[in-house]
Amino acid sequence: MPSSSAAQSVVAHTSDAPVATSAAAALPVSRSDFDRYMVPCFAPAPFIPVRGEGSRVWDQAGRMYIDFASGVAVTSLGHCHPAMVKAIEAQARTLWHVSNWFTNEPALRLAKRLTDATFAERVFFCNSGAEANEAALKLARRYAHDRSGPHRMRVVSTLNAFHGRTLFTVTAGGQAKYASGFGPNPSGFTHLPYNDVAALEAEFASHGAEICAVILEPMQGEGGMTPGTPEYLQAARRLCTAHGALLILDEIQSGMGRTGALFSYMQKGIVPDILTSAKGLGGGFPIGAMLTTSDVASAFSVGVHGTTYGGNPLACAVAGAVFDVINTTEVLDGVKARHALFMEGLRAINGRRRVFRDLRGEGVWIGCELDSTWRGKAMDVMTAAGDAGLIVLVAGPDVVRLAPSLVISLDEILEGLARLETALNHALQ
Ligand code: PLP
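The rules behind the values
Note on numbering: residues in each chain are counted from 1, in written sequence order. Under the rules for a predicted model, residues below a pLDDT of 70 receive no local features and side-chain atom pairs below 80 are neither given nor counted, while totals for whole chains, interfaces and linings still include all residues. In this description, strands pair whenever DSSP reports at least two bridges between them. Runs of E in the DSSP output that reach at least two residues are strands. Runs of H or I that reach at least four are helices, and both are numbered from the N terminus. Residue burial here comes from a neighbour count, namely the number of other C-beta atoms, placed from the backbone, that lie within 10 Å of the residue's own C-beta, with 20 or more meaning buried, 12 or fewer meaning exposed, and in between meaning partly exposed. A set of buried residues qualifies as a nonpolar core if it consists of Ala, Val, Leu, Ile, Met, Phe, Trp, Tyr and Cys joined through C-beta atoms within 7 Å. Note: domain ranges come from an automatic or database domain assignment. C-beta atoms are first placed from the backbone for all residues, and any pair lying within 7 Å is then listed as a contact. Multiplying 1.5 Å by the helix residue count minus one yields the expected span of that helix. This arc describes the spread of directions from the helix axis toward the C-beta atoms. Put plainly, near means the residue's C-beta atom, positioned from the backbone, lies within 6 Å of the molecule or strand in question. Structural elements are reduced to axes, namely lines fitted to C-alpha atoms, with helices fitted over the stretch in contact, and the angle between N-to-C directions of any two is expressed from 0 to 180 degrees. In these notes the angle categories are as follows: under 35 degrees is roughly parallel, over 145 is roughly antiparallel, 65 to 115 is roughly perpendicular, and the rest is oblique. For a crossing to be left-handed, the near helix must be turned anticlockwise from the far one by less than a right angle; the clockwise case is right-handed. All residues other than Ala, Val, Leu, Ile, Met, Phe, Trp, Tyr, Cys, Pro, Asp, Glu, Lys and Arg, Gly among them, are scored as polar; the first ten of these are nonpolar and the last four charged.

Across a sheet, strands are paired by hydrogen bonds formed along the backbone, either parallel or antiparallel in direction. In spatial order, the strands read S1-S2-S3-S15; together these four strands make up an open sheet with mixed pairing. Taken across any chain shown, the strands that pair with only one partner, and hence form the sheet edges, are strand S1 (49-53) and strand S15 (390-391). Pairing geometry for strand S2 (residues 56-59) and strand S3 (residues 64-67), over three bridges, is antiparallel. What sits directly across from Val 57, in S3, is Tyr 65.

The structure is reproduced here in structure tokens:
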């Protein structure tokens, strides 16, 4: 039998009585605790963000930073967007979790919206980008296995690609530094140079009957902000169709409005067989999704693939609110207008002092490649940006990457660009 005080605490948790704040919430912590307690696979900035509002973030000392990074292209509506706060508060009072022995309303509502708005007829929810790609690669192999036999298992990927950190997805990725030392890695991958139509044609000419899928980012983000040319993306589509392979588009970074369309494929004149989404989909709440057709989805019958948390009601309620804000002409056209403002400001900086050799990208997803004098200095710019009160990203050693909120204000763009110029002047001397 529980003691009477234990029984009372059970009653308190299930009643409307106020709940005391957890003591853990008041435990003092500092940046040095990261080095002491955390697995050292990151090297975070010297400051700790503690609060965010729109495109502004404050650290423990109360210092304000303009956010040109959105996590890494995650908080697409900025921090604590009222529509997201409302959705999570309402769902937090309603239902947090059910197992996959049940479905739930927020997941079904989100699946309906995603399929209505895209080529897809079916959705699989998970918790991250890597899991969405893992599901996509497994699905492509299973589909080919069931229809053509086990010999059709080759996956064509690209050098410099980034698809996540599971063993399957680091192997699909095209950067040896992320995949080495974990072997044996899954086999059956070919990595070709990105944007090389001839290499893709040659690969299909020699191994077409063994290829189950081509996996591509419409623009390589982590690999240096390299846009896929329309000819290349269309050749990939054509070759996959001709040889019975599936085209997987990794839109984990490019999707959910970042390029000014709901998904980037909509601007490229191609339609994938499988599309993966995460990051901006949840606007800061972890969620991933794999979208596909009914035919391809049929290769995953009951029990063949799964996840405990995928399709979690809290995640799907938040993602539904994010989707409703982003999938509007106002927001998507606003992304294109913001692109123009960013490019104008960046060109003006470059006009005053030549620091960039190339400015590229789409929507609010911009790569600033440093001039040859400053090769390898992108990280220094990122650090100097922090000192100047600005959060930016890098994409490799030579490219400063900007991925602000889709709804960042004009004032914040101008203030952030001024801070970026300060940072460039400090870092590049
Ligand atoms: N694919 C792309 C294109 C990405 O940019 C990323 C993350 O940066 C991923 C996959 C992996 O996503 P996650 O870190 O949520 O697993």
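This part takes up the environment of Thr 373. Structurally, the position occupied by Thr 373 is in the loop between strand S14 (365-370) and helix H14 (378-387). Of the residues examined, Thr 373 has 10 C-beta atoms within 10 Å and is grouped as exposed. The sequence separation of Thr 373 and Cys 316 amounts to 57 residues, and the corresponding C-alpha distance is 47 Å.

As a further point, take the nonpolar core. Judged by nonpolar contacts, the single largest core of 112 residues is most densely connected at Ala 140, Leu 246 and Val 392. A total of 10 residues in this core trace back to one element, the largest contributor, which is helix H12 (residues 313-326). Taken domain by domain, the makeup of this core includes at least three residues from each of domain 1 (86-326) and domain 2 (329-427). Dropping the residues within four chain positions of it, Leu 246 is found in contact with Ala 140, Tyr 143, Cys 212, Ala 213, Cys 240, Asp 273, Ile 274 and Val 296.

Relative to the 18 Å expected for 13 residues at 1.5 Å per residue, helix H5 (residues 105-117) spans 18 Å between its end C-alpha atoms, a close match to the ideal helical length. By the burial criterion, the buried members of H5 are Pro 106, Ala 107, Leu 110, Ala 111 and Leu 114. Summarising the axial view, the buried residues of H5 lie within an arc of 130 degrees, below the 170-degree limit, and thus occupy one face. For H5, the exposed residues lying more than 90 degrees away from the buried face are Lys 112 and Asp 116. Contacts from the buried residues of H5 go to helix H4 (82-92), strand S4 (122-126), strand S12 (288-292) and H12.

This brings us to the sheet that holds S14. Reading across the sheet, the four strands line up as S13-S14-S17-S16 and stay open at both edges, with antiparallel pairing between neighbours. Lying at the two open borders of the sheet, with one neighbouring strand each, are strand S13 (356-362) and strand S16 (393-394). In the sheet, S14 pairs with strand S17 (residues 399-402) via four bridges, with the strands oriented antiparallel. Its bridge partner being in S17, Glu 369 is matched across the sheet by Val 399.

Another aspect to go through is the pairing of strand S11 (residues 274-277). Side chains Ile 274 and Thr 276 of S11 all project onto a buried face; the interleaved residues Leu 275 and Ser 277 project onto the opposite face, where all are buried too. Sheet topology note: the strand S10 (residues 246-250)/S11 ladder contains three bridges and is parallel. Bridge assignment links Ile 248 to a residue of S11, and that residue is Ile 274.

All right, on to the site of the ligand then. Close to the ligand lie 15 residues; Ser 128, Gly 129, Ala 130, Gly 164 and Ile 252 are nearest. Among the elements that line the shell around the ligand, the one with the most residues is helix H6 (residues 129-148), at three residues.

A few words on the packing of H4 against H12. Where H4 meets H12, the axes come as close as 9 Å, and the angle between the chain directions of the two elements is 155 degrees. Taken together, the axes of H4 and H12 lie roughly antiparallel to each other. The way H4 lies across H12 gives a crossing that is right-handed. Contacts between H4 and H12 pair Ala 83, Met 84, Ala 87, Ile 88, Gln 91 and Ala 92 from the former with Pro 313, Leu 314, Ala 317, Val 318, Gly 320, Ala 321, Val 322 and Val 325 from the latter. Grouping the amino acids of the contact of H4 with H12 by side-chain chemistry returns 12 nonpolar, two polar and no charged.

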